[in-house]
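Commentary on secondary and tertiary structure
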Amino acid sequence: MPYSFPATESPYRAATPRTRWWQPLGTLLVVAWLAGCAGQAPAPDVPRQPDDWQRQQDDLVALDTWQVAGKVGLRTAEDSRSANLDWSQAPDHYRMLISGPFGAGRSVLEGKQGRVSLTTGDGRFEASSPEALMQQQLGWSLPISSLDYWVRGLPAPHRAHDQTQDELGFPKTLQQDGWNIRYRDWTYAGSLWLPSRLVMTYDDIRATLVVNQWQPEAMPDGASNDTPSPTSSDAAP
């Protein structure tokens with residue numbers, strides 16, 4: 001299983017945030033939480049089949065090492081932003097390189113057991129968890145620890161959730177920790193069907209993740225996906 005840092009009990013906003021969320025550091029932290037992904041992957045030659053989702057359940061749960069590249073769009077009542085993101089995940093470590101058009105340059109969110117750091121042009125910030133780092137810098141937090149499950153189409157374990165399926169038995173919606181996740185599209189990579197477009201909402205926050213490359217690297221059967229990713233992307237908030 002990928003290492004997950006402790007999650008906050010629920011997403012929330014402090015009554016008086018110390019930093020306006022759309023300032024560069026705040027935007028980067030939110031984008032980093034989305035951990036996510038960009039550009040729409042090409043449709044596979046073979047379409048999804050009704051038994052595919054159940055067939056791959058054990059492999060999905062066992063998947064703990066991957067690389068994802070793409071774009072994330074974020075919209076709130078005040079503003080909308082987008083950024084490119086490259087995410088490398090391992091069982092005890094993750095690294096997210098964030099870059100985009102909002103003028104903050106390249107930034108890196110990196111997590112190891114017990115510590116997480118964010119390095120930007122403004123310096124290096126550390127905390128015991130991604131949630132604590134966001135709370136420290138922004139005055140509010142998000143359930144970062146669930147995303148490594150949601151991006152695989154799985155609910156985070158040991159917490160209540162509701163889920164619906166599409167006509168082929170794949171996840172269609174997932175409600176957990178107050179968030180509503182809608183799975184809009186899928187791609188085939190390394191012998192697995194994986195989400196390629198997700199829309200996540202909580203109150204006035206709407207996040208869209210569009211994946212252009214899923215690269216599982218430690219599959220049980222040793223498979224990997226070496227298909228080049230397209231350069232175009234669309235993750236409009």
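Structural data are supplied above this passage.
Keep in mind the model is a prediction, meaning the values are calculated, not measured. (Residues numbered from 1 in each chain as written. Predicted model: local features only at pLDDT ≥ 70, side-chain atom pairs only at ≥ 80, totals over all residues. Heavy atoms only, no water.)

1. So, the environment of Ala189
Its location among the elements puts Ala189 in strand 11 (residues 179–189). The class of Ala189 is buried, set by a relative accessible area of 2%. C-alpha separation for the pair Ala189 and Gln213, spaced 24 residues apart in sequence, amounts to 8.5 Å. (Helix = DSSP H or I, 4+ residues; strand = E, 2+ residues; numbered from the N terminus. Buried < 20%, exposed > 50% of the residue type's maximum accessible area, 1.4 Å probe, protein only.)

2. Quick look at the pairing of strand 12 (residues 192–202)
With respect to burial, strand 12 is a largely interior element, ten of its eleven residues being buried. Here strand 11 pairs with strand 12 via nine bridges, running antiparallel. By the bridge assignment for strand 12, Tyr183 is matched with Leu198. Hairpin connection, strand 11 to strand 12: the antiparallel pair is bridged by two residues, and Gly190 has positive phi, about 55°. Note: strand 12 against strand 13 (residues 205–216), six bridges, orientation antiparallel. Within strand 13, the position partnered with Thr201 by the bridge is Arg206. Connecting strand 12 to the antiparallel partner strand 13 that follows it, the hairpin turn spans two residues, and Asp203 within it adopts a positive phi of roughly 50°. (Pairing = 2+ DSSP bridges.)

3. Quick look at the side chain of Thr173
Following the sequence through the fold, Thr173 ends up in strand 10 (residues 171–176). Of the polar contacts made by the side chain of Thr173, one reaches the side chain of Gln175; its length is 3.4 Å. The contact partners of Thr173, leaving out residues within four places of it in the chain, are Asp162, Gln163, Thr164, Asn180, Ile181 and Arg182. (Polar contact = N/O pair within 3.5 Å; in protein donor to acceptor, adjacent residues only side chain to side chain. Contact = heavy atoms within 4.5 Å.)

4. Digging into the pairing of strand 6 (residues 115–120)
Where strand 5 (residues 107–112) meets strand 6, five bridges bridge the pair, whose relative direction is antiparallel. Looking at the pairing, Leu109 lines up with Leu118 of strand 6. Between strand 5 and strand 6, which pair antiparallel and follow one another directly, the connecting turn spans two residues, one of which, Gly114, has a positive phi of 90°. In this sheet, strand 7 (residues 123–127) lies alongside strand 6 in antiparallel orientation, the contact comprising five bridges. Each residue of the ladder has a partner; that of Leu118, found in strand 7, is Phe125. Remark: two residues form the turn of the hairpin made by strand 6 and strand 7, two consecutive strands paired antiparallel.

5. Quick look at the packing of aromatic side chains
The geometry of an aromatic ring pair comes down to the distance between the two centres and the angle between the two planes. Evaluated as defined, the whole model comprises nine aromatic pairs. Summarising the aromatic geometry, the rings of Trp53 and Phe170 are spaced 5.4 Å apart at their centres and angled 45° between planes, so their arrangement reads as tilted. Taken together, the residues span a long stretch of sequence, with Trp53 in helix 2 (residues 52–55) and Phe170 in the loop between strand 9 (162–165) and strand 10 at a distance of 117 residues. Neither residue differs from the other here; Trp53 and Phe170 are each classed as buried. Here the aromatic rings of Trp66 and Trp87 are separated by 5.4 Å at their centres, their planes lie at 75°, and the arrangement is edge-to-face. Note that Trp66 is positioned in strand 2 (residues 66–75) and Trp87 in strand 3 (residues 80–90), a separation of 21 residues in sequence. Per residue, the accessibility class of Trp66 equals that of Trp87, and both read buried. Taken together, the aromatic side chains of Trp53, Phe170, Tyr183, Trp186, Tyr188 and Trp193 make up a single cluster linked through ring pairs. (Phe/Tyr/Trp six-rings, centres within 6.5 Å; stacked < 30°, edge-to-face > 60°.)

Fair warning: the whole summary comes from geometry, so function is off the table for now.
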